[in-house]
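# A closer look at the structure
So the chains spell out like this:
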Amino acid sequence: MPAIETLRLKRTFGDLVAVDEINLAVPTGSLYGFLGPNGAGKSTTIKCLTGLLRPTAGTMKILGIDPVADPVAVKRRVGVVPEDLALFDRLTGAETLAFIGQVHGLDRKTIRHRSDELLDLMDLRMAAGALVADYSHGMRKKISLAVALLPAPHLLFLDEPFEGIDAIASRQIKDLLHSFVKRGRTIFLTSHILEIVERLSDHVGVIHKGKLVAQGSLESLRSGTEAGKTLEEIFLDLVGAAGTEGPALEWLAG
Amino acid sequence: MIRYFRALASLRWHLAVNSLRPSRKRDAMERASRAFQVLGPILAFLLFVPAILLMGALGLSGGWSLATSERFLATALVVLRTFLVFEFVLTILAPLLRATQGAPPNLTRFLLLPVPARFLYLGEALSGLGDPWLALLASGTLCLALGWMMTGGVVPALLLLAAAAAILGFLTGLGALSSSFTHLVFRDRRRGEAISLVLLITIAAGGMLPGLLSTFEPLRTRTRDVKAGVEKREGQRPESAPQGVPKPPAPAPGRPGRMERDGRALPAWAAAYPPELYVRCVALASGRRGGSALLPLALLAAWAVATHGIASRIYRRLLETPEIQSSRRGGRSFALWGRVPGLGPAASAVATAQVKLIFRTVQGKIALCLPPLVVLVMGTLWIRRPGEMMPAGLPVPFGVILAFAGVAFAFMTLEASTLNQFAMDRSGLTLEFLAPVSDRDLIRGKAAGGAILAAIRALLCYLAALIIAPGGSPLLWLAVPAGGAAVFFLLAPCGAIISALLPKTMDVGRIGMAGKPHPVASFLGMLCIVAGAGPAVALALGALMFLESPALALLLVAGWAAVAAALSLPLFRLAESLLARRRENLALVAQGR
C-alpha cells in the first residue's frame, strides 16, 4: 500500500489552477522528494494532503485513509513541518511540545521523555523555557520539526526543512531522517536544494505549473535521460528551463 | 535629496493604500467583512481633508482679524494656548501609544538603502507632518500668517510665518524624538510589554482618579469654610472688585511672570515653554512690537534645532542597532500541562493553550486587573455617595448589583478571546488544524478556555464587590454566578459562530484596533451579553419587586441559565459546521494573508 496516493487531485483558486489533476504515488518507507519551481503548486499539494486545503476535485489516500472523510485519523499518524512553521508565538518551546503531546493523547512521562530527547537533539534545551516569539528563524524551524516528530508519526511532511538550519543541525536532521526511513516510515519533503534531495531521496516527483511532469525512483528518472545527468539537470529538462537564457543584463557590465 | 524624500513618501503612500487591498484567495463573506473594516480609514481620510481646509479658513480669518483689530486677541491667545497644549501632549504621547499597539517598524530595510542617515531622519521627522494633529496645526498657523499678509502687514506676517515654521519644526522634532526613543525602548519585546502594561494601567487608573477624589467632601467643605471665613473677615464686597488686596501691576505684553493680555498670570518657566513662545510671537506681532518678537522667535528656533539634534542622534543609534531580541531565558524543558476536567485530551490542550496565550499578553493582564479595579472604585464611590450611585427604591442591594456588573464587565473583556477565537491564534491555528483535533474538540476547547478566563476575571470582580459592599440575601449573591453562567452559555457558542464568520487578523499582544476583533463582531458580542444578562436581571427584579422573594429570584435566574444552556447546544453544533466550512479562510486570515 502506498503511503500517499492521489487520483486526479485538483485545487483551484478562482481561475487559477494551482494543482491540476495530479496522480501521486509515494511508496511506504521511501523518502520522496517533491520538486518544482516557485509557484508550481508544491505547497498547495502539501496543504491538500495535510488537510489544510480541501481539494476542488479528485481523491486522496494517506496511509490508506481518506483525509477528507476522516481527517483526525490521518492527523494522528502524520507529522508536518509546514511552510510557515505554524507555532504559537506565546508558548515556550517546551509548552509547544507538551501541547502536541497532549493533543495526541500521550501520557506525561512519554511527553517528558520525548521532549527531552528532541530538545537535546535540536540543541534547544537552554531555550526550552523561552517563548517561541523570542526564537531565531533556525530555532523555530527546529522546534517545528520536534513538534512533527514528537507523536512518532508514520509519515512526515516536510516543507523546506533545511532552510535556515545550520550545518551541524542539518547533518543531525539528515541522519534522523535516514533512521526514520530505515524504520519503515515515509517522508514527503520539498526542497529547493536539489543536491540535498538527490542525496537523501530515493523517489522524486516533479511538479510544474500544477501538473506532475515526472515521478518515480531516482534510478528510473535517470534511466530515461542521458547517462551521468545530475538531478538538477534532469529537473531543468523537465520544467523546460534547460538551455534557456534570461535577459543579458548588459547594463551590469557598466 | 528630493529623490530620497520622493521615494520615502511614495513608500508610505503605497504601504497605506496596499493595506486596504484584499488578498485574492478570500471568499465573498471575507471580502464583505474586509470592506467594512476599511470603511473606517476611508471615512477618516474623507473627513480629514475638509478639516484641514476648515482649519486653513479659520487661520486666514484669524490672521485677518488680528491684523485689523485687537479685540479678538485675548480670545485668540486662549484658543492658541489650548490648541498647542493638545498638540504638545499628543506629539509626545502618540508614538508611545502607537508602540503599545504594535511592533516597532523594521528599520533593517532602510539601513540597507543607499540613503544617508540624515536624510532618513529628515524623512522620518517630516512624516510627522502627516499626523492629523500636526497637519491641522500646519494648516492653521501658516494660514494665520497668510491672512495677516492679506491685510498688507508684510513684516508681522513674515514674523508669524517664521514662528509657524519654528513651532512646526519644534513639534516635528519632538515627535521624532519621542518616536525614536520609544522604538529604542520597545524593540525589546519584554521591556516594551512591561512599559505598555504600566502605562495603560496608569492611564486607566488616572481616568478613575478624578471621580474618586471628587467624593472627598470634607476637604471641599473645609476649603469652602476657610474661604467663607476670609470673606467674612474682609467684609461684604463685590466679587469683581476685591478690596484690601493690592492689584498686580499692568503687564507688559510678552513678559512672563506678569499678567498677560488675556488676563492670566504666567509662571516664569513659560518664558522657555515652546508653545508659549509661539503664542508670545503672535501677541507681540498683534501689538505691533515685531522687534520684541524676535527674541521668543529665536528661542523657539533654538528649541527646534535642539530637539532635532537630539532626535537625530537617537534615530542614528536606532539605525545602528535596528533589531534586538529579548533575551532567551532558560527554563524547564518539560512543561506542566494539566488536563481540564470533563474534557478530552485534545480539547483540554486547546483550552490550556488559550488561557496561557491570553495571560501572557498585555491585553490579558490588563483585562485581569482592570475589572476588579473598576468594581473597587465604583464601590468606593457608592460608600461615599450612596444616593448618587443607585436609584431610590431598588430592591436589590448595591453589592449584588456591583457584583453582577463586574461579572458582565469581565465578559466584555473576553471579546478578543471569544469573538475572534480562531484567528487570534495566528500561526498557531494552523498547528491546531494540522494536529488531530476535531472541529468539535476545537470548539469545546475554545469554549472551556473562555470559561476559565471568564471565571477567573468574574471571580475577582465578585470578591471585590463582596468585600466592598457586602450585605443582602445570600440567595441573591448566589444568583449572580447563575446569571453569569447564562451569559456564558449564550456568548460561548455565539462567539464561536461570530469568530468563524467574521475573522480578523489580530495580535492579542497588541493594544488598540490591532488587538481587537472585527467591529461588527464586537457589536454582536455585546448583543449576546445583553441577551444573556437582560432576562436574568429582569427575572430577578420581577421576583424581588412583586413577590419580595430572593429565593424565587435565584430560582428564576438559575432557570434562565438552564434555558441558555439548552439553547447553546444547537448553537455549538452550528458553530462546528461553520468552522468545518470556513477552515481555509480562517487559516489565511489568522496568518494575515
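In this text the structure is predicted, and so the values were computed from the model without any measurement.

Let's shift gears to the overall build of chain B. Helix and strand counts for chain B come out as 22 helices and zero strands. For chain B, buried positions account for 42% of its 593 residues.

What follows deals with the overall build of chain A. Of regular secondary structure, chain A possesses nine helices and ten strands. A compact globule built from 254 residues would reach a C-alpha radius of gyration of about 18 Å, and chain A, at 19 Å, matches this within 12%. Taken along its principal axes, the extent of the C-alpha atoms in chain A is 55 × 55 × 40 Å. A total of 254 residues make up chain A; the buried ones form 48% of that total. Looking at chain A alone, contacts between residues at least 24 apart form 69% of all its contacts between residues at least 6 apart.

Attention now goes to the confidence of the model for chain A. Averaged over all residues, the pLDDT of chain A equals 88, while 96% of them reach at least 70. Of all helices and strands in chain A, the one with the weakest mean pLDDT is helix 8 (residues 218-223) of chain A (82), whereas strand 5 (residues 57-62) of chain A scores best (95).

Here the focus is unusual backbone geometry. All names here are of chain A. Within the chain, Glu 21 stands out as a residue other than glycine whose phi angle is a positive 50 degrees. Of the residues examined, Glu 21 has 15 C-beta atoms within 10 Å and is grouped as partly exposed. The backbone of Lys 209 shows a phi angle near 50 degrees, a positive value even though the residue is not glycine. Structurally, the position occupied by Lys 209 is in the loop between strand 9 (203-208) and strand 10 (211-217). Of the residues examined, Lys 209 has 15 C-beta atoms within 10 Å and is grouped as partly exposed.

Moving on, we get to the packing of helix 3 (residues 93-103) of chain A against helix 12 (residues 345-359) of chain B. Taken N-terminus to C-terminus, the directions of helix 3 of chain A and helix 12 of chain B make an angle of 155 degrees; their axes are 7 Å apart at the nearest point. Between helix 3 of chain A and helix 12 of chain B, the interaxial angle falls into the category roughly antiparallel. For the pair helix 3 of chain A and helix 12 of chain B, the contacting residues are Glu 95, Phe 99, Gln 102 and Val 103 of chain A in the first and Pro 345, Ala 346, Ser 348, Ala 349, Ala 353 and Lys 356 of chain B in the second. In terms of residue class, the contact of helix 3 of chain A with helix 12 of chain B is made up of six nonpolar, two polar and two charged.

Here we come to the sheet that holds strand 8 (residues 186-190) of chain A. All names here are of chain A. The six strands lie next to each other as 6-7-8-4-9-10, forming an open sheet whose pairing is mixed. Two strands lie at the open edges of the sheet, namely strand 6 (78-81) and strand 10, each paired on one side alone. Each strand axis lies, on average, 15 degrees off the axis of its neighbour in the sheet, ignoring direction. As paired elements, strand 4 (residues 31-35) and strand 9 share four bridges and run parallel to each other. Bridging from a neighbouring strand, Gly 33 pairs with Val 204 of strand 9. Its contacts with the sheet place helix 1 (residues 42-49) against strand 4, strand 7 (155-159), strand 8 and strand 9, and it is angled at close to 150 degrees to strand 7.

Residues and elements named next belong to chain B. Relative to each other, helix 13 (residues 362-384) and helix 18 (residues 439-468) sit at 20 degrees, their axes nearing to 9 Å. By the angle class used here, helix 13 and helix 18 are roughly parallel. In this structure, the crossing between helix 13 and helix 18 has a hand that is right-handed. In this structure, helix 13 uses Ala 367, Leu 368, Pro 371, Pro 372, Val 375, Leu 376, Gly 379 and Thr 380 to contact helix 18, whose residues at the interface are Arg 457, Leu 460, Cys 461, Ala 464, Ala 465 and Ile 468. Residues belonging to the contact of helix 13 with helix 18 are distributed by class as follows: eleven nonpolar, two polar and one charged.

Once that is clear, we can look at the interface of chain A and chain B. Of the residues lining the interface, 42 residues belong to chain A; the matching set on chain B comes to 38 residues. Of all elements in the fold, only helix 2 (71-77), helix 3 and helix 4 (108-121) of chain A reach the threshold of two or more residues within the side of chain A that touches chain B. It is helix 3 of chain A that provides the largest number of residues to the side of chain A that touches chain B, a total of seven residues. Along the lines of polarity and charge, the residues of the side of chain A that touches chain B split into 22 nonpolar, nine polar and eleven charged.

Residue and element names in this part refer to chain B. Among the structural elements, Pro 470 can be located in the loop between helix 18 and helix 19 (474-501). The exposure class of Pro 470 is exposed, given the 11 C-beta atoms found within 10 Å. The spatial distance from the C-alpha of Pro 470 to the C-alpha of Gly 399 is 5.7 Å, given a sequence separation of 71 residues.

To continue, consider the pairing of strand 4 of chain A. All names here are of chain A. In terms of burial, strand 4 is a largely internal element, five of the five residues being buried. Of the two faces of strand 4, the one lined by Leu 31, Gly 33 and Leu 35 and the one lined by Tyr 32 and Phe 34 are each fully buried. Where strand 4 and strand 8 come together, four bridges link them in parallel fashion. Note that in strand 8 the partner of Tyr 32 across the bridge is Phe 188.

Let's shift gears to the environment of Val 362 of chain B. Here Val 362 of chain B shows up in helix 13. Among the residues examined, Val 362 of chain B registers 24 C-beta atoms within 10 Å and is labelled buried.

Moving on: the nonpolar core. For soluble globular proteins, nonpolar side chains are generally found buried alongside one another. Judged by nonpolar contacts, the single largest core of 170 residues is most densely connected at Ala 146 of chain A together with Ala 403, Val 407, Cys 461, Ala 486 and Val 557 of chain B. When residues of this core are assigned to their parent elements, the largest contribution, 18 residues, is made by helix 19 of chain B. In contact with Cys 461 of chain B, other than residues within four places in its own chain, are Pro 371, Pro 372, Val 375, Ala 403, Gly 406, Val 407, Phe 409 and Ala 410 of chain B. Residues Leu 80, Leu 277, Cys 281 and Leu 297 of chain B belong to the second largest nonpolar core, which totals 51 residues.

Looking now at the environment of Ala 127 of chain A. Residues and elements named next belong to chain A. Along the chain, the position of Ala 127 falls in the loop between helix 4 and helix 5 (137-149). Judged by the 25 C-beta atoms lying within 10 Å of it, Ala 127 falls in the buried class. For the pair Ala 127 and Thr 92, spaced 35 residues apart in sequence, the C-alpha separation works out to 8.3 Å.

We now examine helix 6 (residues 132-150) of chain B. Compared with an ideal rise of 1.5 Å per residue, which puts 19 residues at 27 Å, helix 6 of chain B spans 27 Å between its outermost C-alpha atoms and is within 8% of the ideal. Just beyond helix 6 of chain B, the residue with positive phi is Gly 152 of chain B, at close to 100 degrees.

For the rest of this paragraph, the subject is the confidence of the model for chain B. Residues and elements named next belong to chain B. Taken as a whole, chain B shows an average pLDDT of 81; of its residues, 79% reach a score of 70 or greater. This model gives residues 219-223 a pLDDT under 50, and the stretch forms zero contacts once residues within four places in sequence are excluded. Ignoring residues within four places in sequence, the model shows residues 233-263, a span with pLDDT below 50, making 36 contacts including any to other chains. Across the interfaces of the predicted complex, the ipTM metric reaches 0.81, alongside a pTM of 0.72.

Here strand 9 of chain A pairs with strand 10 of chain A via six bridges, running antiparallel. When the sheet's bridge partners are listed, Val 206 of chain A is paired in strand 10 of chain A with Ala 214 of chain A.

Cut-off values and rules
- Each residue is numbered by its place in its chain's sequence as written, counting from 1.
- As a convention, the first chain written is A and the first ligand written is 1, with the rest following in written order.
- For this predicted model, a pLDDT threshold of at least 70 governs which residues receive local features, and a threshold of 80 or more governs which side-chain atom pairs are given and counted, while totals over whole chains, interfaces and linings are taken from all residues.
- Secondary structure follows DSSP: runs of H or I at least 4 residues long count as helices, runs of E at least 2 residues long count as strands, and numbering of each begins at the N terminus.
- Buried means a residue has 20 or more other C-beta atoms within 10 Å of its own C-beta, exposed means 12 or fewer, and partly exposed covers the counts in between; C-beta atoms are placed from the backbone.
- Between the two quantities, the radius of gyration covers C-alpha atoms and the globule rule is 2.2 Å times the number of residues to the power 0.38.
- For the purpose of contact definition, each residue receives a C-beta atom placed from its backbone, and two residues are in contact when these atoms lie within 7 Å.
- Residue-level confidence of the predictor is what pLDDT reports, using numbers from 0 through 100.
- In this description, a line fitted to the C-alpha atoms serves as the axis of each element, helices being fitted only across the stretch in contact, and the angle between N-to-C directions of two axes falls anywhere from 0 to 180 degrees.
- Put simply, angles under 35 degrees are roughly parallel, angles over 145 are roughly antiparallel, angles from 65 to 115 are roughly perpendicular, and the rest are oblique.
- For this classification, Asp, Glu, Lys and Arg are treated as charged, while Ala, Val, Leu, Ile, Met, Phe, Trp, Tyr, Cys and Pro are nonpolar and the rest, including Gly, are polar.
- Strand pairing is defined by DSSP finding a minimum of two bridges between the two strands.
- Throughout, a crossing is termed right-handed when the near helix is turned clockwise from the far one, and left-handed when it is turned anticlockwise from it by less than a right angle.
- One nonpolar core equals one set of buried Ala, Val, Leu, Ile, Met, Phe, Trp, Tyr and Cys residues connected by C-beta atoms within 7 Å.
- Take the number of residues in a helix, subtract one, and multiply by 1.5 Å to get its expected span.

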